[in-house]
Amino acid sequence: MTAQHHLATRAVHAGREDLTDLGVHATPLDLSTTYPSRDMKAETERLDLLITGARDDGMPVYARVGNPTVDRAERAVASLESCEAAVAFASGMAALSACLLTVAAAGKSHVVAIRPLYGTSDFLLESGLLGVTTTFVDADSVVSAIRPDTGLVIVESPANPTLDEVDIRQLANDCGDVPLLVDNTFATPILQRPAELGAAIVLHSATKFLGGHGDVLAGVVACSEEFARQIRNVRYATGGTLHPLAGYLLLRGLSTLPIRMRASSESARILAERLSDHPAITAVHYPGLNPNRPAGQMEGGGALVSFEVAGDPADVIGGVRLITPAVSLGSVDTLIQNPASISHHIMDPDVRHDVGISDKLLRMSVGLEHVDDLWEDLCQTLAVMG
Ligand SMILES: *Cc1c(COP(=O)(O)O)cnc(C)c1O
């Protein structure tokens, strides 16, 4: 597997390069928590190496330090994101926490962040829970917000839940020497690769599209090998490790990511267009319908559509029959939720409104159902709302 192969090929083969020589077809699932060794001195040497965050193909020592099934998923995500390395965590929040702890440990405990962000990410930064202080600014004020102790600039594009996009190349430029972290959960590497645009760190809630079937809680950070060593060290010390079964399911999910993203995005575009003409809808937020998008950044509009309703959003949530009324996104089935009452409920309501998250906003993650069945379900629930 090389970087010259197309994304669709890497999605199927990256992380699995050795399977034929191993004589197996499905990836081995290694559930060991510990690894026996009769050579105590060699074991100590391996442990000394692994806890620096270094990686090689040698025997693991203990599951919190590294696991071969999880390593495969990491290599696959690194390949798809055009990064040297990737490090998997127990969840997207564990991944973000490790990034914050890593920069703070290096004496850079100030972060600049652009809203809106996923509700819990916003809370983690706003609360200062990890000893990191955050200045929230607009994308065009990042330069003046950066201080000598700024360790990270954080952005989501498209952002959760408004689907606002920022010009990643411009932003990376504005960051200068400060690493830019782009949460790429919504676009996935199939539609957008932030590292190719200058981002130093690409973060995923792999719970969403990468896992893709609503049965894996996972986070991944794709980055340089140098930063990967540091966050592996934090993962080892704090224990936000991904379970091997989750690593197995994540790798399996990645193999269909290109076709899932393309199919869901196509349906999302059609639904966004139809919703724009529906009398019960007051606003549609869909990157593909925005004429002023950053050029050469994201392919298509993605699989999420957010829209505002004239009536009570609770009636829409209560009225869907095919669409799943649930938080989260990126599954094979279509999911809908009201950010103000669920995913972004933890935010201060005034801040929430300021960043464009209306109480009447609904966020829909389009799955793989036939688009006409989804449209019919939306029409019947919007009709109930009146
Ligand atoms: C869900 C989500 C997260 C958090 O990920 P978990 O896997 O739930 O911990 C972070 N960022 C974005 C954009 C998300 O949608």
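Quick caveat: nothing in here was measured; it's all calculated off a predicted structure. (Residues numbered from 1 in each chain as written. Predicted model: local features only at pLDDT ≥ 70, side-chain atom pairs only at ≥ 80, totals over all residues. Heavy atoms only, no water.)

Draft legend 1. Molecular detail of the site of the ligand. In the vicinity of the ligand, 15 residues are found, and the nearest of them are G92, D183, S205, T207 and K208. Within the side chain of N160, one N or O atom sits 3.1 Å away from an oxygen atom of the ligand. Protein chains bury 93% of the 380 Å² of accessible surface belonging to the ligand in isolation. Residues that form the shell around the ligand fall into these classes: 5 nonpolar, 7 polar and 3 charged. (Near = heavy atom within 4 Å. Polar contact = N/O pair within 3.5 Å; in protein donor to acceptor, adjacent residues only side chain to side chain. Areas by Shrake-Rupley, 256 points an atom, 1.4 Å probe, with all protein chains shown as cover. Nonpolar A, V, L, I, M, F, W, Y, C, P; charged D, E, K, R; others polar.)

Draft legend 2. Local environment of the sheet that holds strand β9 (residues 304-309). In spatial order, the strands read β8-β9-β12-β11-β10; together these 5 strands make up an open sheet with mixed pairing. Of all the strands in the sheet, the pair left with one neighbour each is β8 (281-285) and β10 (324-325). Against the sheet, helix α12 (residues 257-276) engages β8, β9 and β12 (361-365), with an angle of about 15° to β9. (Pairing = 2+ DSSP bridges. Helix = DSSP H or I, 4+ residues; strand = E, 2+ residues; numbered from the N terminus. Contact = heavy atoms within 4.5 Å. Axes fitted to C-alpha atoms, helices over the stretch in contact; angles between N-to-C directions.)

Draft legend 3. Structural view of the sheet that holds strand β6 (residues 201-205). Pairing within the open sheet is mixed, and its 7 strands lie in the order β1-β7-β6-β5-β4-β2-β3. Unpaired on one side and paired on the other, β1 (85-89) and β3 (133-137) mark the two borders of the sheet. Between one strand axis and the next, the sheet turns by 20° as a mean value, whatever way the strands run. Of the strand pairs in this sheet, β1 and strand β7 (residues 219-223) are connected by 5 bridges, and their pairing is antiparallel. Residue A86 lies in a different strand from β7, and its bridge partner there is A222.

Draft legend 4. Structural view of the domain arrangement of the chain. Along its sequence, the chain is carved into domain 1 (7-254) and domain 2 (258-382). The C-alpha centroid of domain 2 is placed 27 Å from the C-alpha centroid of domain 1. Opposite the 38 residues of domain 1 that make contact, domain 2 presents 37 residues. Surface buried jointly by domain 1 and domain 2 totals about 3,000 Å² across both partners, of which 65% is contributed by carbon and sulfur atoms. One salt bridge in this structure joins R293 and E165, with 2.7 Å as the shortest N-O distance. There are 12 residue pairs in polar contact (both at pLDDT 80 or more) connecting domain 1 and domain 2. When residues in the side of domain 1 that touches domain 2 are grouped by element, the largest group, 4 residues, is from helix α6 (residues 119-127). (Domains from an automatic or database assignment. Buried area = accessible area lost by both parts, 1.4 Å probe. Salt bridge = Lys/Arg side-chain N within 4 Å of Asp/Glu carboxyl O.)

Draft legend 5. Main features of the pairing of β1. The buried fraction of β1 amounts to 5 of the 5 residues, a majority that puts the element mostly inside the structure. Burial of the side chains of β1 extends over both faces: A85, V87 and F89 are buried on one face and A86 and A88 on the other. (Buried < 20%, exposed > 50% of the residue type's maximum accessible area, 1.4 Å probe, protein only.)

Draft legend 6. Spotlight on the side chain of S365. With respect to the helices and strands, the residue S365 is situated in strand β12. Owing to a relative accessible area of 1%, S365 belongs among the buried residues under this scheme. Here the side chain of S365 touches G330 through a polar contact of 2.9 Å, landing on its backbone nitrogen.

Draft legend 7. Focus on the nonpolar core. Ranked by internal contacts, the top residues of the largest apolar core, which has 38 residues, are L250 and L254. Looking at this core, the elements that each hand over two or more residues are α1 (7-13), α4 (68-80), β1, α9 (188-191), β7, α11 (244-255) and α12. Residues lining this core come from more than one domain, with at least three contributed by each of domain 1 (7-254) and domain 2 (258-382). In contact with L250, not counting residues within four places along its chain, are A73, A206, L210, G211, V216, V220 and L242. Listed in part, the 26 residues of the second largest apolar core include A95, L96, L100 and V132. (Core = buried A, V, L, I, M, F, W, Y, C linked by side-chain atoms within 4.5 Å.)

Draft legend 8. The arrangement of the pairing of β6 in detail. For β6, the tally of buried residues reaches 5 of 5 residues, placing the bulk of the element in the interior. Residues of β6 alternate between two faces, with I201, L203 and S205 on one and V202 and H204 on the opposite face, all of them buried. The pairing of strand β5 (residues 180-183) with β6 spans 3 bridges and is parallel. From the neighbouring strand, D183 faces β6, where its bridge partner is L203. Sheet topology note: the β6/β7 ladder contains 4 bridges and is antiparallel. Counterpart to S205 in the pairing with β7 is G219.

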